[in-house]
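Here are the chains, one letter per residue:
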Amino acid sequence: MDFPTLVSDLGRRLGLSLNLEENGSCGVTFGDDEIGMELVDGRLFLISHLASSLGHETDCARLLNAAHMGLESGFANFGIDEAAGEFTLTRTLEGSMSPEAFEKALVLFVRSVRYWKAWLTLPASETGAQIEPFDLNFTMLRI
């Protein structure tokens, strides 16, 4: 299925009116986590702001390590929105997907966002501490 169809089908399953706008973007909030979706050249980008980047300069190596081959980032990439002064997490989806594969990718992204928001909001003196990692096999979406 194509991404516009997958997004609108997801909205129906969640009881929401969720559609990519003419500009190819939309957003949905799961709990306290806002997820932006943007369709560009056939790719669907999932993006979320995580936390302030200020005071976390020494944590960049940890974030880069976590994103290596997507092993601790849910196959997403970290970035910095300089205008907002915040870390972001972005995942790119490509090609045709089944509704189940799309939902699984979105669930993993939301779980990754929640994990890294928790990690980045720890006091700077505790960010080296390990917090329980997210479950890569968790498959239920909750709004």
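The shown structure was predicted, so the numbers you read here are calculated from the model rather than taken from an experiment.

How each quantity is defined
- Residues numbered from 1 in each chain as written.
- Predicted model: local features only at pLDDT ≥ 70, side-chain atom pairs only at ≥ 80, totals over all residues.
- Heavy atoms only, no water.
- Phe/Tyr/Trp six-rings, centres within 6.5 Å; stacked < 30°, edge-to-face > 60°.
- Helix = DSSP H or I, 4+ residues; strand = E, 2+ residues; numbered from the N terminus.
- Buried < 20%, exposed > 50% of the residue type's maximum accessible area, 1.4 Å probe, protein only.
- Polar contact = N/O pair within 3.5 Å; in protein donor to acceptor, adjacent residues only side chain to side chain.
- Contact = heavy atoms within 4.5 Å.

### Description of the packing of aromatic side chains
On inspection of all chains with the given rule, the structure shows three aromatic pairs. Residues W116 and W119 carry aromatic rings whose centres are separated by 5.4 Å and whose planes lie at 70 degrees to one another, so their mutual orientation is edge-to-face. In this pair, W116 and W119 are both assigned in helix α3 (residues 99–120), three residues apart and thus about one turn of the helix distant. Judged by its relative accessible area of 0%, W116 falls in the buried class. Every member of this aromatic cluster is reached through a ring pair, and the members are F78, Y115, W116 and W119.

### Some points on the side chain of D33
Tracing the sequence through the fold places D33 in strand β2 (residues 33–40). Separated by 2.5 Å, the side chains of D33 and R114 make a polar contact. Not counting residues within four places of it along the chain, the set of residues in contact with D33 comprises V28, V113, R114 and K117.

Just geometry here; none of it tells us what the structure is for.
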